[in-house]
Amino acid sequence: MAEDEKTTVSGRQDPAEDLFPLVIAVTPSPAERLRLAERLDGVAPLLLVANLDELRRLIAVPGRIRGPVPPAAPDSAEVAGGALVVDSARSTARCGDREIPLTRLEHDLLNCLTADPVRVWSYAELHRAVWHDEGLERRGDVQSLVKRLRRKLAELGTGITIDAVRGVGLRLTDHRQPRVGGG
């Protein structure tokens, strides 16, 4: 094919032929993203994301026709006999026919709490697990996130909430199915 045949009416080449490198880095650490941005400055366009869910949301084709909602992904967490389903692939929480979107931080916090629902998590453990920051265990960050997540869980109509354990931390509790301890 002659060079003239490759050009469009405007005289430019087909955009599919204008290939350029793109570097995509996935790391949960803000410090690591900053380090990568400094080291790769000027090499190529750089896309830095905290996790694969964030990358999927960024590269999703807008307006794409989607089929029926798939069943919960195998990596989703279920609590209280299927009452609450956290869908990691879609970053949502579902209870019955209700569903709410979750931010990355809300998703990570809820996944952390549902992974071991009986465990009481300290604020420092939750901060490290959600923000991936070492040494920056700010209690206020966790409390603010917990407040938003409690509100969303209430919207879903679950009996599940995040309870504070005085002097220790936080845990997930299902108030519809109280646990009775015996000695």
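Please refer to the structure placed before this passage.
All figures in this text were calculated on a predicted structure; none of them were measured in a lab.

(A) Structural view of the pairing of strand 8 (residues 169-174). Burial of strand 8 is extensive: five of the six residues sit out of reach of the surface. Note: strand 7 (residues 160-165) against strand 8, six bridges, orientation antiparallel. Each residue of the ladder has a partner; that of Ile160, found in strand 8, is Asp174. Where strand 7 folds back onto strand 8 in an antiparallel hairpin, the turn is made up of three residues, including Gly167, whose phi is positive at roughly 80°.

(B) Inspection of the pattern of salt bridges at higher detail. Scanning the entire structure with this criterion turns up seven salt bridges. The shortest N-O distance in the salt bridge between Asp108 and Arg104 comes to 2.9 Å. Taken as a pair, Asp108 and Arg104 lie in helix 4 (residues 104-115) at a separation of four residues, close to a single helical turn. Accessibility expressed as a relative area gives 16% for Asp108, which makes it buried. One salt bridge connects Glu125 with Arg119, and the closest N-O pair in it is separated by 2.7 Å. When its relative accessible area of 28% is taken as the criterion, Arg119 is described as partly exposed. Shared partners join several salt bridges into a network, and the residues in it are Asp87, Arg90, Arg94 and Glu99.

(C) Expanded view of the side chain of Glu106. Within the secondary structure, Glu106 sits in helix 4. Among the residues examined, Glu106 registers a relative accessible area of 2% and is labelled buried. Only 2.9 Å separates the side chain of Glu106 from the backbone nitrogen of Thr103, close enough to count as a polar contact. Each residue touching Glu106, except ones within four places of it in the same chain, is listed here: Pro101, Leu145, Arg148, Leu149 and Lys152.

(D) The packing of aromatic side chains, seen in detail. Counted by the stated rule, this structure contains zero aromatic pairs. Across from the ring centre of Trp121, 3.7 Å away, lies the NZ or CZ of Arg119, which sits over that ring.

Conventions and cut-offs
- Residues numbered from 1 in each chain as written.
- Predicted model: local features only at pLDDT ≥ 70, side-chain atom pairs only at ≥ 80, totals over all residues.
- Heavy atoms only, no water.
- Buried < 20%, exposed > 50% of the residue type's maximum accessible area, 1.4 Å probe, protein only.
- Helix = DSSP H or I, 4+ residues; strand = E, 2+ residues; numbered from the N terminus.
- Pairing = 2+ DSSP bridges.
- Salt bridge = Lys/Arg side-chain N within 4 Å of Asp/Glu carboxyl O.
- Polar contact = N/O pair within 3.5 Å; in protein donor to acceptor, adjacent residues only side chain to side chain.
- Contact = heavy atoms within 4.5 Å.
- Phe/Tyr/Trp six-rings, centres within 6.5 Å; stacked < 30°, edge-to-face > 60°.
- Lys NZ or Arg CZ within 6 Å of the ring centre and 35° of its normal.

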